[in-house]
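Chain and residue survey
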Amino acid sequence: MKRALFPGSFDPLTLGHYDIIKRGVTLFDEVIVAIGVNADKKYMFSLDERKAFIEKAFADEPKIKVVIYKGLTVDFCKEIGAEFILRGLRNPADFEFEKAIAHTNRHLSTIETVFLLTAASTSYISSSIVRDVIRNNGDYTKLVPDSVRVK
């Protein structure tokens, strides 16, 4: 079984994330969306809310699982038997950042990182932009799946 881990904070899940996950399902037998816990980071949405957003968005897709993890991503991959890390690239800055992480992961393990370019229609969307739109009472619904709603 080809299993890929798609790690992130997903604060919140965006249409860009959604696109990468949907396309990843066509490449892998299973895509595990893994919400990383970072105690030093301040989140807009709770861990439970972020997990629920993703589970609801992919409720009809049996090849997608949603989990929470702590620690190094490569260690978690080994723990769950994932041979691949799936990442989305929006721009050259993302590439440089992700390349450094991928090289480090390859140095620490045998995990391969697979990069997908985001769709042109979602390449401008980031979770930080969505949070800023929400904080300023803008219409964030055009940037996220229907499952993501502020209470």
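Please read all numbers here as calculations on a predicted model, not as lab measurements. (Residues numbered from 1 in each chain as written. Predicted model: local features only at pLDDT ≥ 70, side-chain atom pairs only at ≥ 80, totals over all residues. Heavy atoms only, no water.)

1. A word on the layout of surface pockets
Taken as a whole, the largest pocket encloses approximately 1,100 Å³ of empty space. Lining the largest pocket we find 40 residues, and of these P7, G8, R87, F97 and E98 sit closest to its centre. Going through the elements one at a time, β1 (3-8), α1 (15-25), α3 (73-80), β4 (84-89), α4 (92-108) and α5 (127-135) are the ones with two or more residues in the lining of the largest pocket. The element that contributes the greatest number of residues to the lining of the largest pocket is α4, accounting for eight residues. Across the lining of the largest pocket, the residue classes tally to 16 nonpolar, 17 polar and seven charged. (1 Å grid on protein atoms, 1.4 Å probe; cavity = no way out; pocket = protein on both sides within 12 Å on 5 of 7 lines; lining within 4 Å. Points joined across faces, edges and corners; volume = space filled by probe spheres on them. Helix = DSSP H or I, 4+ residues; strand = E, 2+ residues; numbered from the N terminus. Nonpolar A, V, L, I, M, F, W, Y, C, P; charged D, E, K, R; others polar.)

2. Considerations on the packing of aromatic side chains
Under the counting rule described, the total for this entry stands at six aromatic pairs. Taking 4.9 Å as the distance between ring centres and 20° as the angle between the ring planes, the aromatic pair formed by Y18 and F58 counts as stacked. Of the two residues, Y18 is situated in helix α1 and F58 in the loop between α2 (47-57) and β3 (64-69); the sequence distance between them amounts to 40 residues. Arranged with centres 6.5 Å apart and planes meeting at 65°, the rings of F95 and F115 form a pair that is edge-to-face. You can see F95 sitting in helix α4 and its partner F115 sitting in strand β5 (residues 112-117), a full 20 residues away along the chain. With a relative accessible area of 29%, F115 lands in the partly exposed category. (Phe/Tyr/Trp six-rings, centres within 6.5 Å; stacked < 30°, edge-to-face > 60°. Buried < 20%, exposed > 50% of the residue type's maximum accessible area, 1.4 Å probe, protein only.)

3. Notes on the nonpolar core
The nonpolar side chains of a soluble globular protein tend to be buried with one another. If you look at the biggest cluster of nonpolar residues, it comprises 28 residues, and the most contacted ones within it are L13, I21, V31, V33, I54 and L86. Residue assignment for this core shows that the elements contributing at least two residues are β1, α1, β2 (30-36), α2, β3, β4 and α5. Not counting chain neighbours up to four residues away, the residues in contact with I21 comprise F6, L13, V31, V33, F58 and I64. Membership of the second largest hydrophobic core comes to ten residues, among which are I32, A34, V74 and F76. (Core = buried A, V, L, I, M, F, W, Y, C linked by side-chain atoms within 4.5 Å. Contact = heavy atoms within 4.5 Å.)

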